[in-house]
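Here is how the chains run, residue by residue.
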Amino acid sequence: MSDELTVTVDGTELRVASGTTILQAAKRAQSWIPTLCFDDRQAPFGACRVCMVAVEGAPKPLPACTTPCRDGMVIDTHDATSRRVATAVVELVLSELPNAPEPHTELAQIADRLDVTESRWPGEIHHEGHDFRHPYLAFQHELCISCGRCVRACDEVQGAFALTATGRGFHSNITAGLNAGFEDSSCVSCGACADTCPTDAITEITLLDGVVPQRSRNGSEGGRAKFRKRRRIASE
Ligand code: SF4
Ligand code: FES
């Protein structure tokens, strides 16, 4: 049996290997699908529902990041219902933040591309909560959208298991170690969490305006971080 499949994405027919997801096939067909909880360095999580697409014969939109292609699948990434879902999710996520995300962040760029300028859902917003105890990494809890990418980066990419998802719903967030901050956790300062964070809830401390790098517990200068955000490098 051939391990290749034929799929059609937005009218473009292509051959893909068995196991290819709709998102991967769409990338090959140069069709854009918005994503929030996805990072191609991590196993797909399928939590945010921003990546919905229409598949011919399917009763409702399917998440592109976790759905494998089937032979003969006909995929529509421009489907109006799917885009409405994506737009609503992004609006909802933005409505919980005290400030608009910085323009360079993935969340801001997705909102821009989906033409989301303001939320229709004013309501409770996250309270400011900052953790600047680590010499390299800053945590701005109010910007966390609970996508889980930092936890998966820490577990899957680095194997450090320093971060944990906490709470539920509106109160969900991320904590390091036993909430004593990165510095007292098993964090190895690799920066994988900051690199993947789509909102800068975790970011390199030296990139924050007005934040002076702190001294580490052994008294050495915090200094420059060992890493740089991939997206920042691309835009520099
Ligand atoms: S800190 Fe960033 S990467 Fe981690 S869950 Fe929150 S928004 Fe996602
Ligand atoms: S990117 Fe597919 S569900 Fe989040």
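Residues numbered from 1 in each chain as written. Chains lettered and ligands numbered in written order. Predicted model: local features only at pLDDT ≥ 70, side-chain atom pairs only at ≥ 80, totals over all residues.

**Student:** What is the right way to read the overall build of the protein chain from this model?
**Tutor:** Within the protein chain, the secondary structure is distributed over 6 helices and 10 strands. Out of the 236 residues belonging to the protein chain, those deemed buried represent 37%. For the protein chain, the proportion of contacts with a sequence separation of at least 24, taken over those separated by at least 6, is 60%. (Helix = DSSP H or I, 4+ residues; strand = E, 2+ residues; numbered from the N terminus. Buried ≥ 20, exposed ≤ 12 C-beta atoms within 10 Å, placed from the backbone. Contact = placed C-beta atoms within 7 Å.)

**Student:** What am I meant to see in the sheet that holds strand E10 (residues 202–204) here?
**Tutor:** In any sheet, the strands associate via hydrogen bonds between backbone groups, in a parallel or an antiparallel arrangement. Strand order across the open sheet formed by 3 strands is E6-E7-E10, with antiparallel pairing between neighbours. Since the sheet does not close on itself, it has two edges, and those belong to strand E6 (130–131) and E10, each with one partner. (Pairing = 2+ DSSP bridges.)

**Student:** Before we go on, may I ask you to explain the site of ligand 1 in this structure?
**Tutor:** Around ligand 1 there are 14 residues in total, and Cys144, Cys147, Cys150, Cys197 and Ala201 lie nearest to it. Grouping the constituent residues of the shell around ligand 1 by class yields 9 nonpolar, 4 polar and 1 charged. (Near = placed C-beta within 6 Å. Nonpolar A, V, L, I, M, F, W, Y, C, P; charged D, E, K, R; others polar.)

**Student:** Please clarify how the pairing of strand E1 (residues 4–9) should be interpreted in this entry.
**Tutor:** Remark: a regular strand shows side chains that alternate across the two faces of the sheet. In terms of strand pairing, E1 meets strand E2 (residues 12–17) through 6 bridges, oriented antiparallel. Bridge pairing in E2 places Val9 opposite Thr12. Linkage of E1 to E2, two consecutive antiparallel strands, is achieved through a turn of 2 residues, within which Asp10 is found at a positive phi near 50°. Both E1 and strand E5 (residues 74–76) contribute to a ladder of 2 bridges, which runs parallel. For Val9, the partnering residue across the bridge sits in E5 and is Ile75.

**Student:** What is the right way to look at the environment of Arg168 in this model?
**Tutor:** Along the polypeptide, Arg168 turns up in the loop between strand E8 (163–166) and strand E9 (173–176). As for Arg168 and Ser146, which are separated by 22 residues in sequence, their C-alpha atoms are 9.4 Å apart.

**Student:** Can you walk me through helix H3 (residues 106–113) in this structure?
**Tutor:** Because each turn of an α-helix spans 3.6 residues, side chains separated by three or four positions in sequence point in the same direction. Among the residues making up H3, those that are buried are Glu106, Leu107, Ile110 and Ala111. Buried residues along H3 cover an arc of 135° about the axis, so they all sit on one side. The outward face of H3, more than 90 degrees from its buried face, is lined by the exposed residues Asp112 and Arg113. Check the buried side of H3 and you find it contacts helix H2 (80–95). Just downstream of H3 lies Asp115, where phi reads positive at about 60°. (Arc of directions from axis to C-beta.)

**Student:** When you look at the nonpolar core in this model, what are you seeing that I'm missing?
**Tutor:** Side chains of a nonpolar character, in soluble globular proteins, are inclined to be buried together. In this structure, Val90, Cys150 and Cys193 are the most contacted members of the largest nonpolar core, which totals 56 residues. When residues of this core are assigned to their parent elements, the largest contribution, 5 residues, is made by H2. Both domains that furnish three or more residues to this core are identified here as domain 1 (1–125) and domain 2 (130–235). Once you skip the residues sitting within four places of it in the chain, Val90 turns out to touch Val50, Ile110, Ala111, Leu114 and Val116. (Core = buried A, V, L, I, M, F, W, Y, C linked by C-beta atoms within 7 Å. Domains from an automatic or database assignment.)

**Student:** How do you make sense of the sheet that holds E1 when you look at a structure like this?
**Tutor:** With mixed pairing, the 5 strands of this open sheet are ordered in space as E2-E1-E5-E3-E4. Across the chains shown, the open sheet's two edge strands, defined by having one partner strand only, are E2 and strand E4 (62–63). With 2 bridges connecting them, strand E3 (residues 52–55) and E4 associate as antiparallel partners. Within E4, the residue paired with Val53 across the bridge is Leu62.

**Student:** Is there a simple way to think about unusual backbone geometry in this case?
**Tutor:** A negative phi angle characterises most non-glycine residues, just as the trans form characterises most peptide bonds. Here the phi dihedral of Arg49 falls at roughly 65°; this positive angle occurs in a residue that is not glycine. Among the secondary structure elements, Arg49 is positioned in the loop between helix H1 (22–28) and E3. Given 16 C-beta atoms within 10 Å, Arg49 falls into the partly exposed group. The backbone phi angle of Ser146 is positive, close to 55°, even though this residue is not glycine. Its location among the elements puts Ser146 in the loop between strand E7 (137–140) and helix H4 (149–158).

**Student:** In this structure, what is going on with the environment of Ala160? I would like to understand it.
**Tutor:** With respect to the helices and strands, the residue Ala160 is situated in the loop between H4 and E8. We classify Ala160 as partly exposed; it has 17 C-beta atoms within 10 Å. In this structure, the C-alpha to C-alpha distance between Ala160 and Ser186, residues 26 residues apart in sequence, is 6.2 Å. When residues no more than four places from it in sequence are discounted, the contact partners of Ala160 are Cys154, Ser186, Cys187 and Val188.

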